[in-house]
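Working through the structure, step by step
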Amino acid sequence: MIIVTGCHGPDLDGVACMIAYSELLNIQGTVSESVYSGELDLETAFVKDYTNYFPLKQCGDSYPPDSKFVLVDTANPDIIDSSIPVDSITKVFDHRQLVFTNRFSNAELHIELVGSCATLIAEEFQKNDVIPSQNTSIYLYSAIIFSTINFQNAVTTDRDIQAAKWLFSLSGLDENYKNKLFSAKSKISSSNLYEILSQDFSAKTLSETRVGIAQIEMVGISRMEGDLRESLEKALKKLKDDYSLKYIFFNGIDVIEGYSLFVTIDPDSLDIFSSILEIPELEYSHKYSPIVMRKQIWPKVEAYLSTHLQKTPK
Ligand SMILES: [Mn+2]
């Protein structure tokens, strides 16, 4: 038995790859099952409801003896279900730089830097002349669209675009589907904004300075300057206190319009982020395009603080 799985608490990319790769193996006559552990996110729940198809099993107490494993959308053995023996992993598909190569003694590694692991799995179908089922095409397509933020983030490659095109033609979806998918994370109101921001908040201590960056990807980010403005300010203030931050920054990504909305709530943060991002005219609420991801901002924060801030003498 081959078990296809991913990291604990997989995102839509991980779930789509598990479903699809297991389907490919089964079509090719290799008995396989896909298994996940942890919680599912809002995007996954959306596709699950939309397709009414979810062939994944939740991980139980143990796996059948002699199980072999295929890992998708992760190549980090530390974030998978701990009962999986690493030497029984036979294949690994991931789209991030691998730093754990030596941990997999028996696995064939498929590590390629594309925007979505779903692209690599879609290409496996193509290489083997197999057409994914309609529901599986929807999962893979959704994963590519979501992982690349509708082809707008820096990790997007032409291979992602080509794979998505092919999957779209098999999916029976219309163009409007994208908006619905992204709206899964956009059901934001003044009562849940703090919670949504804190779920995905990132705070670091850099050069002995506490810095936090909130990020949200949604449809209609301009609401942060409209009906959600006050709630956003309150939420950022609360996060600043909760995490004892010196500086806090908000990066709101409009996934359809394709821009970032930067928001700061205090003069010191405005000042320092103006320098970090090299935007002299940065305003408290500032539209910036193309979109910028938080993972692109952190290295700049780190570089800036290490050269511009003197460490407090002990
Ligand atoms: Mn991924």
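Residues numbered from 1 in each chain as written. Predicted model: local features only at pLDDT ≥ 70, side-chain atom pairs only at ≥ 80, totals over all residues. Heavy atoms only, no water.

As annotated in an unreviewed UniProt entry, the protein carries the name Putative manganese-dependent inorganic pyrophosphatase and is attributed to Candidatus Collierbacteria bacterium GW2011_GWB2_44_22.

**Here we look at the overall build of the protein**
The test is simple: For the purposes of this entry, the term helix denotes a DSSP run of H or I that reaches at least four residues, the term strand denotes a run of E that reaches at least two, and both are numbered from the N terminus. Categorising residues by exposure relies on relative accessible area from a 1.4 Å probe, with only protein chains included: less than 20% of the type maximum marks a residue as buried, more than 50% marks it as exposed, and the intermediate range marks it as partly exposed. Contacts are assigned to residue pairs that have any heavy atoms within 4.5 Å of one another. Under the convention used here, a 1.4 Å probe and the Shrake-Rupley method define accessible areas, while residue burial counts only the protein chains that appear.
When helices and strands are tallied, the protein shows 10 helices and 11 strands. Referenced to the eigenvectors of the C-alpha coordinate spread, the extents of the protein come out at roughly 65 × 50 × 35 Å. Each of the 314 residues in the protein was classed as buried or not, and the buried ones make up 51%. Within the protein, residue pairs in contact and separated by at least 24 positions form 66% of the contacts whose partners lie at least 6 positions apart. Carbon and sulfur atoms make up 47% of the accessible area of the protein, which totals about 14,700 Å².

**Some details on helix 4 (residues 134-147)**
Here is the rule: For a helix, the expected span equals 1.5 Å multiplied by the number of residues minus one.
In this model, helix 4 (14 residues) spans 20 Å end to end at C-alpha, consistent with the 20 Å of a helix rising 1.5 Å per residue. Within helix 4, 11 of the 14 residues are buried, which leaves the element mostly enclosed by the surrounding structure. Those residues of helix 4 that sit buried are Thr 136, Ser 137, Ile 138, Tyr 139, Leu 140, Tyr 141, Ser 142, Ala 143, Ile 144, Ile 145 and Phe 146. Check the buried side of helix 4 and you find it contacts helix 1 (12-27), helix 2 (42-51), helix 3 (117-127), helix 5 (158-171) and helix 6 (177-183). Residue Ile 149 follows helix 4 closely and has a positive phi angle near 45 degrees.

**Topic: helix 5**
The following threshold applies: Working definition: the arc comes from the directions between the helix axis and the C-beta atoms, pointing outward to the latter.
With 14 residues, helix 5 extends 20 Å between its outermost C-alpha atoms, agreeing within 8% with the 20 Å of an ideal straight helix rising 1.5 Å per residue. By the burial criterion, the buried members of helix 5 are Asp 160, Ala 163, Ala 164, Trp 166, Leu 167 and Ser 171. Projected down its long axis, helix 5 shows its buried positions confined to an angular sector of 165 degrees, all on one face. Projecting away from the buried face of helix 5 at angles above 90 degrees are the exposed residues Asp 158, Lys 165 and Ser 169. Each element contacted by the buried residues of helix 5 is listed here: helix 3 and helix 4.

**A word on the pairing of strand 4 (residues 68-72)**
Which entries qualify depends on this criterion: Strands are treated as partners if at least two bridges between them are detected by DSSP.
Taken across its five residues, strand 4 has four buried, putting it largely inside the fold. Relative to strand 4, strand 1 (residues 2-5) runs parallel, the two sharing four bridges. When the bridges of strand 4 are listed, Val 4 appears paired with Val 70. Strand direction decides the pairing type here: strand 4 and strand 5 (residues 89-94), joined by four bridges, are parallel. If you follow Val 72 over to strand 5, its bridge partner there is Phe 93.

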